[in-house]
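Per-entry structural report
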Amino acid sequence: MIIAWTRQRISDIFQLLSDFKEASINIPRSFIRVANRVLVSAHNLNDRRLFLIVLHEITGGILSYRLLKAVLGPPMKLIYQPWIRGAENIPTDGPAILASNHLAVIDSFFLPLMIEREVVFMGKADYFTGKGFKGWFVRSFMKMVGTIPVDRSGGSASQAALNTGLKRLAEGELFGIYPEGTRSPDGRLFRGKTGVARMSLESGAPVIPVAMIGTNIAQPIGTRIPRPHRIGIVVGKPLDFSRYRGLENDRYVLRSITDEIMYSLMCLSGQEYVDVYAATLRKKAQEESTGGPGGRPAPDVDPPLPPSDDETP
């Protein structure tokens, strides 16, 4: 029975795929209707799992990414009422690195939701190794949205994830990265790691700073289901580091570029900056902030507020 059901669903999908030539265009509404009907009418978890696996494999993840955005987008916008400023700073084509502060797991959901182009982020490898139903669900979701697993132990394991990002940039796509390397443990902005600088110099892609606002309130550390709270995104102007091209092995240049990116994030988000890595919080982060990245003076800015009623979200 499951085999017959799956064959029919695959037939439906291929019939719809034949209606358009490139998978990169908008999903037809008929595809969304069929996908919804399939998931709702599935007889059990194995049916749903099989359909999701087939969908991801035959579309290379492109349609599954857009499907999730089309299906989950409306309810997420209704519940969290996200707003965005500076979306015009993201180019309509060509490679770019979106460097974001990292306040909560849902950062990786709301930024792709609010921009037109597809963006892929790196995510910790633990998301892909979970056990049981929860582990399968998280792993499946991360694969469908194209998350690149990264081993945060460093060395060659981390470099492999960065190489995957470089490949995506070479193909003219968007790549997202969290320079802090992990979520902020207390809502402050922490020292950035230099991988983002190296990627920019090796790829030639500009870096676009992106500040997430309020996601740590919607989903504090330890919270599984985000609570209703309005979430914001502020996109800064692209940062061009082409003047440093060829110096990707100079650690002083890499640190200078990273500090400039973190300072831009500090100005956009209004966060207090602490010049230590977030991973070392338990040991050092109780120290008072001493200013901005690289010894810069702290900007006199407040955290951005949601748009007023007369502004367009």
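Structure's up top.
Summary of the structure given here.

The rules behind the values
- Residues numbered from 1 in each chain as written.
- Predicted model: local features only at pLDDT ≥ 70, side-chain atom pairs only at ≥ 80, totals over all residues.
- Heavy atoms only, no water.
- Helix = DSSP H or I, 4+ residues; strand = E, 2+ residues; numbered from the N terminus.
- Buried < 20%, exposed > 50% of the residue type's maximum accessible area, 1.4 Å probe, protein only.
- Areas by Shrake-Rupley, 256 points an atom, 1.4 Å probe, with all protein chains shown as cover.
- Salt bridge = Lys/Arg side-chain N within 4 Å of Asp/Glu carboxyl O.
- Contact = heavy atoms within 4.5 Å.
- Phe/Tyr/Trp six-rings, centres within 6.5 Å; stacked < 30°, edge-to-face > 60°.
- Core = buried A, V, L, I, M, F, W, Y, C linked by side-chain atoms within 4.5 Å.
- Pairing = 2+ DSSP bridges.
- Axes fitted to C-alpha atoms, helices over the stretch in contact; angles between N-to-C directions.
- Parallel < 35°, antiparallel > 145°, perpendicular 65-115°, else oblique.
- Nonpolar A, V, L, I, M, F, W, Y, C, P; charged D, E, K, R; others polar.
- Lys, Arg positive; Asp, Glu negative; His and termini not counted.
- Polar contact = N/O pair within 3.5 Å; in protein donor to acceptor, adjacent residues only side chain to side chain.

Notes on the overall build of the chain
Counting secondary structure elements, the chain contains 11 helices and nine strands. Counting the 313 residues in the chain, one finds 47% classified as buried. Looking at the chain as shown, the accessible area adds up to about 16,200 Å², and 54% of this sits on carbon and sulfur atoms.

Things to note about the pattern of salt bridges
In total, this model carries five salt bridges according to the counting rule given. Here the salt bridges do not stand alone but share partners, grouping Asp 186, Arg 188 and Glu 272 into one network.

Structural notes on the environment of Ile 90
If you trace the backbone, Ile 90 turns up in the loop between strand S1 (83–85) and strand S2 (96–100). For the pair Ile 90 and Leu 174, spaced 84 residues apart in sequence, the C-alpha separation works out to 9.3 Å. In this structure, Ile 90 is in contact with Leu 98, Ile 115, Leu 174, Ile 208 and Val 235, ignoring residues within four places of it in sequence.

Quick look at the side chain of Arg 255
In this structure, Arg 255 sits in helix H10 (residues 251–269). Of the residues examined, Arg 255 reaches a relative accessible area of 16% and is grouped as buried. The contact partners of Arg 255, leaving out residues within four places of it in the chain, are Arg 191, Gly 192, Thr 194 and Tyr 277.

Section: the environment of Val 276
Here Val 276 is to be found in the loop between strand S9 (273–274) and helix H11 (281–284). Looking at Val 276, the relative accessible area reads 11%, which means it is buried. In the structure, Val 276 is positioned 96 residues away from Glu 180 in sequence and 9.7 Å away in space, judged by C-alpha atoms.

Section: the packing of aromatic side chains
The description of two aromatic rings rests on the distance between their centres and on the angle between their planes. In the structure shown here, the tally under the stated rule is two aromatic pairs. Centre to centre, the rings of Phe 121 and Tyr 178 are 4.9 Å apart; their planes meet at 20°, and the pair counts as stacked. Within this pair, whereas Phe 121 is found in strand S3 (residues 119–124), its partner Tyr 178 is found in the loop between strand S5 (174–177) and strand S6 (189–190), the two being separated by 57 residues in sequence. A relative accessible area of 5% places Phe 121 in the buried class.

Concerning the nonpolar core
By size, the foremost hydrophobic cluster in this structure holds 24 residues, and its most contacted members are Leu 98, Phe 110, Leu 111, Ile 115, Val 210 and Ile 233. When contributions to this core are tallied by element, the ones reaching two or more residues are helix H4 (62–80), S2, helix H5 (107–114), S3, strand S7 (207–213) and strand S8 (232–235). Considering each element in turn, this core owes the most residues, four residues, to H5. With residues up to four places along the chain from it excluded, the contact list for Val 210 reads Leu 98, Ala 99, Ser 100, Asn 101, Leu 111, Ile 233, Val 234, Val 235 and Leu 265. Judged by nonpolar contacts, the second largest core, of 23 residues, contains Val 196, Ala 197, Met 199 and Val 253.

Points about unusual backbone geometry
A positive phi angle is found at Gln 81, which is not glycine, with a value near 45°. Under the relative-accessibility criterion, Gln 81 is labelled partly exposed at 45%.

Examining the pairing of S5
On S5, burial covers both faces: Leu 174 and Gly 176 on one face and Phe 175 and Ile 177 on the other are all buried. In the sheet, S2 pairs with S5 via four bridges, with the strands oriented parallel. Note that in S5 the partner of Ala 99 across the bridge is Ile 177.

A short note on the pairing of S2
Burial within S2 is extensive, with five of its five residues counted as buried. With burial as the criterion, each face of S2 is covered, one bearing Ala 96, Leu 98 and Ser 100 and the other bearing Ile 97 and Ala 99. Pairing geometry for S2 and S7, over four bridges, is parallel. For Ile 97, the partnering residue across the bridge sits in S7 and is Val 207.

Here we look at the packing of helix H8 (residues 195–203) against H10
Two numbers describe how H8 lies on H10: the axes approach to 8 Å, and their chain directions differ by 105°. Classified by the interaxial angle, the pair formed by H8 and H10 is roughly perpendicular. For the pair H8 and H10, the contacting residues are Val 196, Ala 197, Arg 198 and Leu 201 in the first and Val 253, Leu 254, Ile 257, Thr 258 and Ile 261 in the second. Across the contact of H8 with H10, the residue classes tally to seven nonpolar, one polar and one charged.

Some words on the side chain of Arg 117
As for its position among the elements, Arg 117 is in the loop between H5 and S3. Among buried Asp, Glu, Lys and Arg side chains, Arg 117 stands out as unpaired, with Glu 173 the closest opposite charge at 4.3 Å. In terms of polar contacts, Arg 117 uses its side chain to reach the backbone carbonyl oxygen of Gly 94, at 3.0 Å. At a separation of 3.1 Å, a polar atom in the side chain of Arg 117 contacts the main-chain carbonyl oxygen of Gly 172.

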